[in-house]
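What follows is each chain in one-letter form.
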Protein chains: 2
Amino acid sequence: MLYSLIMAGGSGTRFWPMSRELFPKQFLSFEAEGPLLARTIDRVLPLIPEERITLVVGASHAAETRRILQTMNEGLGRHPRIIAEPRSLNTLPAIAVAALSILREDPEAVIAVMASDHMISPQDNFLALLQHAAQVAQNEKVLITFGILPHRPETGFGYLELGDSLPEHSTGLFSARRVARFVEKPNMETARRFVEDKNHHWNSGMFVFSAPVFFEELARFQPEMSAALETLARALGTPDERREIDRFYRTTTPVSIDYGLMEHSTRVWSLSGPIDWKDVGSWSALDDISEKDGRGNVILGNAVVIDSDNTIVRADKRVVAAIGLKDMIVVDTDDATLICAKDQAQKVREVVGQLRERNAVEAMEHRTTHRPWGSYTILDQGPMYKIKSVTVNPRARLSLQMHLHRSEHWVVIAGTARVTLGDQEIFLHTNQSIDIPKSTRHRIENPGKVPLIVIEVQNGEYLEEDDIIRFQDDYRRMEEEPGLDRSPLRNPAP
Amino acid sequence: MLYSLIMAGGSGTRFWPMSRELFPKQFLSFEAEGPLLARTIDRVLPLIPEERITLVVGASHAAETRRILQTMNEGLGRHPRIIAEPRSLNTLPAIAVAALSILREDPEAVIAVMASDHMISPQDNFLALLQHAAQVAQNEKVLITFGILPHRPETGFGYLELGDSLPEHSTGLFSARRVARFVEKPNMETARRFVEDKNHHWNSGMFVFSAPVFFEELARFQPEMSAALETLARALGTPDERREIDRFYRTTTPVSIDYGLMEHSTRVWSLSGPIDWKDVGSWSALDDISEKDGRGNVILGNAVVIDSDNTIVRADKRVVAAIGLKDMIVVDTDDATLICAKDQAQKVREVVGQLRERNAVEAMEHRTTHRPWGSYTILDQGPMYKIKSVTVNPRARLSLQMHLHRSEHWVVIAGTARVTLGDQEIFLHTNQSIDIPKSTRHRIENPGKVPLIVIEVQNGEYLEEDDIIRFQDDYRRMEEEPGLDRSPLRNPAP
């Protein structure tokens, strides 16, 4: 059986200010077709049903990942499984842990590893490629990589140096070759040579292998990690599980699958074929995927652009006016604006670094935060107060909760709210309001069929999100801890 | 007696997004020393007390002008008089109407006409220049202009072509010459020649003359306007006043003082001397007045600037990140951002034009609006609701008012409010709230000593500012209409 293992790491720096530490690239929608993560899942669904899809995410991204899945799969009973890593150890440990959890379900599983934030088309060819790769991987007991024929000298990717052709494993669409060597990101001169010699393909970072073969090679080249995984495997489903997961993530050395496994193995083959693959790595790469006007500009949102060329302007709600820009990137969000020369887009990381040093919230998260029940936006804050606009989806409710350090005041702007306050239950309609004193159990619910919008005014000396005691939660967030989520998720997702 | 006539027109386009139609350049603070208008008044105060200062402003700018005066002159009993023009007719009619109002008070008045948004230093020299100009203007019955020796070829200003020297009217500091001709904005070649020949000075747009001489020349070169002013003069103080003001502004042809008067008169002299005069005409001119870092950047506010040169970044509250910019201008405000090549700064007008065509509020006003009692900021709005943060200054109160189309809900965030609601008077403290139903008289007052901050949630089908019926107002805004404000203003200013 073919399984999909989707790697959804990401630190949220390269696409700042649209990405944030808590909202990395896989959550972004670049062409209004939904988040990259959702598109990655949709792409494989015809071949690999959701119950055979595993996502590996950072613990701080698990909630948003679940929310996106919930949006995608409305009405479906099962969801991809999610492994929330307490700490990122690079790709090899992440793949190994996920493969372990798949192996427990299907000892002969064939696993297709892919990134959550790549763009791949056409879908038919890609699915055919996965199918062929799965067959070869299983029959020949090899590790399959997907090489992409480079059409430009690219210094931002690793390369595969290809060896012998394998005509007996090629098809009309896909050609198979042995991989002679993994090559790290080259300089421009070398990259130019690679484009010409036709013997070097981009390493797409996707792999297909059977679980037993993967673990065989892991045992050979990473015996320590392999042993640690065996210990972990024995603990799964026992009272020691949590402790062993923690231990694994505390003691394992970070290493990439390329560096830790693929480069050493002699059983690596490559398949390539008519696949359009894009790893949009920075704002400047957006040029490759966007519609341009007659002067080469990509203009989105509430923008006024005058006498500019080859410039990307992504406005949102605010007005952005650009005059006389050449080869620039302008990205505007609620709380931050980036203006960047295209050829220096990689320095966005430095901006995020400086913001982190200042402890600026703009490095961490957006002004609007999504929750399983809806979303909230911080409208204003100052000493002793914070004002939020809270949207509760129809039939959804927040947890039954209490705050020790703040009182709240709610005004209904649209829809109808059912409010629990202590032992009371109160219905509030548009323009009605209620006071929620400190240390009082309360809950807000939208019993209706249209979104409920509430303005929440908070008062107190401490106004952070972690001043919350939850008594009951439809989304089980009281229990939420990083770790292996081995059973298919409940619906609605936690 | 010497009077000052300060021209505070301005359409608010050149410094967008900091300037708006309702918040033009004279209200801006470029170096944290207060609005240009206030600095203009402060500059002449040692020589010309406020009761001899007249401001000519557009009717839509009158309230903000008064607010700035109020801030400046706290504790003083009298204010400059304000003439609020119902329609802008360029400089000559504005000066003529103001001169008329001054003439009624002092038939021998000597008037110094100046712009509200120029930067002039040193103050001592400028005041000495005004004094000397006043003396010469009165004794010799001439119109005095101030010429500025050009230190660069400038195509953005008009020039004075100078004639005979007048050594008997020169002093150690200032030299007097006849003006041979007024020259319109030249091309670059001509401007270069002007810098070399030393016979051309920049026309600073300032004038000093006695009222009788001005009206003599006006009668000679603008007989129609002169006649209309005589009719207007007879009506002032009579029941016909309002009608005649309206008629004057409806029927008079717009014309500048240069074109309509100065170019024709043979009685124009020029004074020049050690005065640093700047008419900051666009964002790019800001370079002349701002502190730069080692790479020529001017960086203000919450900005992260990386590898940029000769760039102006004016951030405010939001984060602005700039990478790899050269010779650019970035100006960020709450609701709009401008990014502009320095050499194309004059095209900001086009941006404002496009926004006006879209009826975008961002062309018109800022998200925060100042009022005599404090200010309010629109935090969010949507169909049927609007949320404002309202700040009421200590001891100030809003008008006693009523709305027909909206109910309001107030939550106190800081300070203490005294609320009038119908016949009730209620004190509200932090985190207390009150509902204000439609069609109910209400008022909010800050009886305390610290600013009162209230969150106002409005609900209704119509949420514009003009849904207001005022019953009593400390600032007499019920009576406010454009026109001549001949008596020194009441305190606090209306």
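About the criteria used
Residues numbered from 1 in each chain as written. Chains lettered and ligands numbered in written order. Predicted model: local features only at pLDDT ≥ 70, side-chain atom pairs only at ≥ 80, totals over all residues. Heavy atoms only, no water. Buried < 20%, exposed > 50% of the residue type's maximum accessible area, 1.4 Å probe, protein only. Helix = DSSP H or I, 4+ residues; strand = E, 2+ residues; numbered from the N terminus. Pairing = 2+ DSSP bridges. Salt bridge = Lys/Arg side-chain N within 4 Å of Asp/Glu carboxyl O. UniProt positions renumbered as here; feature names shortened; annotations may be inferred. Domains from an automatic or database assignment. Axes fitted to C-alpha atoms, helices over the stretch in contact; angles between N-to-C directions. Least-squares fit on C-alpha atoms with pLDDT ≥ 70 in both. Contact = heavy atoms within 4.5 Å. Buried area = accessible area lost by both parts, 1.4 Å probe. Nonpolar A, V, L, I, M, F, W, Y, C, P; charged D, E, K, R; others polar.

Draft legend 1. Local environment of the pairing of strand S6 (residues 143-148) of chain B. All names here are of chain B. S6 sits mainly inside the fold: six of its six residues count as buried. Side chains Leu-143, Thr-145 and Gly-147 project from S6 onto one buried face, and the interleaved Ile-144, Phe-146 and Ile-148 project onto a second face that is buried too. In this sheet, strand S10 (residues 268-272) lies alongside S6 in parallel orientation, the contact comprising four bridges. Considered in S10, the bridge of Leu-143 is made with Val-268. With four bridges connecting them, S6 and strand S9 (residues 200-210) associate as antiparallel partners. Note that in S9 the partner of Thr-145 across the bridge is Phe-207.

Draft legend 2. Looking closely at the pattern of salt bridges. By the definition in use, this model includes 58 salt bridges over all chains. In this structure, Asp240(A) engages Arg243(A) in a salt bridge whose closest nitrogen and oxygen atoms are separated by 3.7 Å. Judged by its relative accessible area of 34%, Asp240(A) falls in the partly exposed class. On the accessibility criterion, Arg243(A) (48% relative accessible area) is partly exposed. For the salt bridge of Lys326(B) with Asp309(B), the shortest nitrogen-to-oxygen distance reads 2.6 Å. Residue Lys326(B) is found in the loop between strand S15 (319-323) and strand S16 (328-332), and its partner Asp309(B) is found in the loop between strand S13 (303-306) and strand S14 (312-314); the two are separated by 17 residues along the sequence.

Draft legend 3. Spatial organisation of the UniProt feature "domain: MannoseP isomerase/GMP-like beta-helix" (unreviewed entry) in chain A. UniProt marks residues 301-355 of chain A with the feature "domain: MannoseP isomerase/GMP-like beta-helix" (unreviewed entry), using the numbering shown here. The distance separating the terminal C-alpha atoms of residues 301-355 of chain A is 26 Å; by composition the span is 15% helix and 42% strand.

Draft legend 4. Focus on the domain arrangement of chain A. As far as domains go, chain A holds domain 1 (2-278), domain 2 (283-350) and domain 3 (368-472). Taking only C-alpha atoms, the centre of domain 2 of chain A and the centre of domain 3 of chain A are 37 Å apart.

Draft legend 5. Representation of the sheet that holds strand S22 (residues 406-414) of chain A. Residue and element names in this part refer to chain A. If you trace the six strands from one edge of the open sheet to the other, you get S18-S19-S20-S27-S22-S25, paired in antiparallel fashion. The two strands at the open ends of the sheet, each matched to only one other strand, are strand S18 (368-371) and strand S25 (433-436). Recorded for the sheet is a direction-independent mean angle of 20° between the axes of neighbouring strands.

Draft legend 6. Expanded view of the relation of the copies chain A and chain B. The transformation that overlays chain A on chain B combines an axial shift of 0.1 Å with a rotation of 180°, and the residual RMSD is 0.1 Å. Overall, the copies show the geometry of a two-fold rotation axis. Taking C-alpha positions as reference, the residue of chain A nearest the rotation axis is Leu379(A), located at 3.0 Å. The share of interface residues of chain A whose copies in chain B are also at the interface is 100%, consistent with both copies meeting through the same surface.

Draft legend 7. Examining the interface of chain A and chain B more closely. At the junction of the two partners, chain A supplies 52 residues and chain B supplies 52 residues. Counting each side, the surface lost to burial between chain A and chain B is near 4200 Å², with a carbon and sulfur contribution of 60%. Our count for the contact surface shared by chain A and chain B stands at four salt bridges. Ionic pairing is found between Arg318(B) and Asp332(A), a salt bridge with its closest N-O pair at 3.2 Å. Examining the composition of the side of chain A that touches chain B, we find that six residues originate from one element, strand S17 (residues 336-341) of chain A, more than from any other. For the side of chain A that touches chain B, a count of residues per class yields 28 nonpolar, 13 polar and eleven charged.

Draft legend 8. Inspection of the sheet that holds S16(B) at higher detail. With respect to topology, six strands assemble into an open sheet ordered S13(A)-S15(A)-S17(B)-S16(B)-S14(B)-S12(B), the strand pairing being mixed. Strands with a single pairing partner mark the edges of an open sheet, and in this sheet they are strand S13 (303-306) of chain A together with strand S12 (298-300) of chain B. For this sheet, the mean angle separating the axes of adjacent strands, direction not counted, is 5°. Docked against the sheet, helix H10 (residues 348-357) of chain B engages S13 and strand S15 (319-323) of chain A together with strand S17 (336-341) of chain B, running at close to 140° with respect to S13(A).

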